[in-house]
Amino acid sequence: YRKGHRLLLDAVKRLPKNVNCEFRLVGNGPELGKLRRICKRYNLDSRVIFTGRISYSEMKAEYDRADVFIMPSIRETTGSVLLEAASKGVPVIATDRFGAPVLFDNSSAYFFTGKNTEEYISSLVNAILACITSPSEVCMKSETAKEIVRSHTWEKKMMKYNAIYQQVLGK
């Protein structure tokens, strides 16, 4: 439940019926049955596809297929999946809290926010609609996100931490 998929389904339910879009939920977990039942109740079967668990190599095809990666969690701090998606040229939609705004900015990602569930859902709907109505902006954010991710390699992180350690040690 911490991944925020229910929040995403509530947002998808509110999208106008004439908006052509598909949401692919990749993975498996204890909430999968519950999420499938919610989709049935909301009549979202034509918009939401559950892939189940897939192999790492199959993820490449999912990223290639995606226009945007949505991380609907308002509790998860920073999923490495954000960097993974951006490295594949897929801009992200994420909450403006925790790690996403540390990694990205408005030139490379879409953010949603709120003070309560209703505000989060409305803000997420607006972010999704912004992507759908402006594919050229999605493309620009995609390029910017790929550029930003290049600064988050393990080698660069190690250099940064080594510099901090050297400073602490007085060297």
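Anything mentioned here points back to the structure above.
**Some words on the pattern of salt bridges**
Applying the stated criterion across every chain, the model contains 10 salt bridges. Two residues, Lys40 and Asp45, come together in a salt bridge whose shortest N-O distance is 3.1 Å. By relative accessible area, which is 55% here, Lys40 ends up exposed. Its relative accessible area of 42% is what places Asp45 among the partly exposed residues. Where Lys60 meets Asp64, a salt bridge forms, and the shortest distance between an N and an O atom there is 3.0 Å. Placement of both Lys60 and Asp64 in helix α3 (residues 56–65) is noted, with a separation of 4 residues, approximately one turn of the helix. Of the two residues examined, Lys60 and Asp64, each falls in the exposed class. Several salt bridges converge on common partners, so that one network encompasses Glu22, Arg24, Glu62 and Arg65.

**Regarding the state of the cysteines**
Applying the stated rule across the entire model yields 0 disulfides. Cys131 supplies the cysteine sulfur nearest to Cys21, a cysteine that is in no disulfide, at a spacing of 11 Å.

**Focus: the sheet that holds strand β4 (residues 92–95)**
Strand order in the open sheet formed by 3 strands is β3-β4-β5, with parallel pairing between adjacent strands. Only two strands of the sheet have a single neighbouring strand rather than two, namely β3 (69–71) and β5 (109–112). Sheet twist, expressed as the average angle between the axes of neighbouring strands with direction ignored, equals 20°. Alignment of β3 against β4, held across 3 bridges, turns out to be parallel. Bridge pairing in β4 links Phe69 to Val92. Sitting on the sheet, helix α6 (residues 117–133) is in contact with β3, β4 and β5, with an inclination near 155° to β5.

**Quick look at the packing of aromatic side chains**
Enumeration according to the criterion identifies 1 aromatic pair in this entry. The interplanar angle of 80° and the centroid separation of 6.1 Å between the aromatic rings of Phe112 and Tyr120 together place this pair among those described as edge-to-face. Tyr120 matches Phe112 in its accessibility class, with the two residues each being buried. Cation over ring: Lys13 sits above Tyr42, and NZ or CZ is 4.3 Å from the ring centre. The positively charged end of Lys141 is found above the aromatic ring belonging to Tyr110, 4.3 Å away from the centroid.

**Details of the nonpolar core**
If you look at the biggest cluster of nonpolar residues, it comprises 31 residues, and the most contacted ones within it are Leu8, Phe23, Val48, Ile70, Ile93, Leu124 and Ile128. Those elements giving two or more residues to this core turn out to be α1 (5–14), β1 (23–26), α2 (32–42), β2 (48–52), β5 and α6. Looking at this core element by element, the count peaks at 7 residues for α6. In contact with Leu8, other than residues within four places in its own chain, are Phe23, Leu25, Ile70, Pro72, Leu124 and Ile128. Grouped together as the second largest cluster of nonpolar side chains are 19 residues, Tyr63, Ala86, Ala109 and Ala145 included.

**Some details on a positive patch on the surface**
Taken together, the side chains of Lys13, Lys17, Lys34, Arg37 and Arg41 make up a positively charged region of the molecular surface. Counting residues per element, the positive patch draws most heavily on α2, at 3 residues. Inspection of the secondary structure puts Arg41 in helix α2. Here Arg41 falls in the exposed class, since its relative accessible area comes to 56%.

Parameters at a glance
Residues numbered from 1 in each chain as written. Predicted model: local features only at pLDDT ≥ 70, side-chain atom pairs only at ≥ 80, totals over all residues. Heavy atoms only, no water. Salt bridge = Lys/Arg side-chain N within 4 Å of Asp/Glu carboxyl O. Buried < 20%, exposed > 50% of the residue type's maximum accessible area, 1.4 Å probe, protein only. Helix = DSSP H or I, 4+ residues; strand = E, 2+ residues; numbered from the N terminus. Disulfide = S-S within 2.5 Å. Pairing = 2+ DSSP bridges. Axes fitted to C-alpha atoms, helices over the stretch in contact; angles between N-to-C directions. Contact = heavy atoms within 4.5 Å. Phe/Tyr/Trp six-rings, centres within 6.5 Å; stacked < 30°, edge-to-face > 60°. Lys NZ or Arg CZ within 6 Å of the ring centre and 35° of its normal. Core = buried A, V, L, I, M, F, W, Y, C linked by side-chain atoms within 4.5 Å. Patch = residues over 30% accessible without salt bridge, like charges linked within 9 Å, V, L, I, M, F, W, Y side chains within 5 Å. Areas by Shrake-Rupley, 256 points an atom, 1.4 Å probe, with all protein chains shown as cover. Lys, Arg positive; Asp, Glu negative; His and termini not counted. Charge placed at Lys NZ, Arg CZ, Asp CG, Glu CD.

The analysis is restricted to geometry; functional conclusions fall outside its scope.
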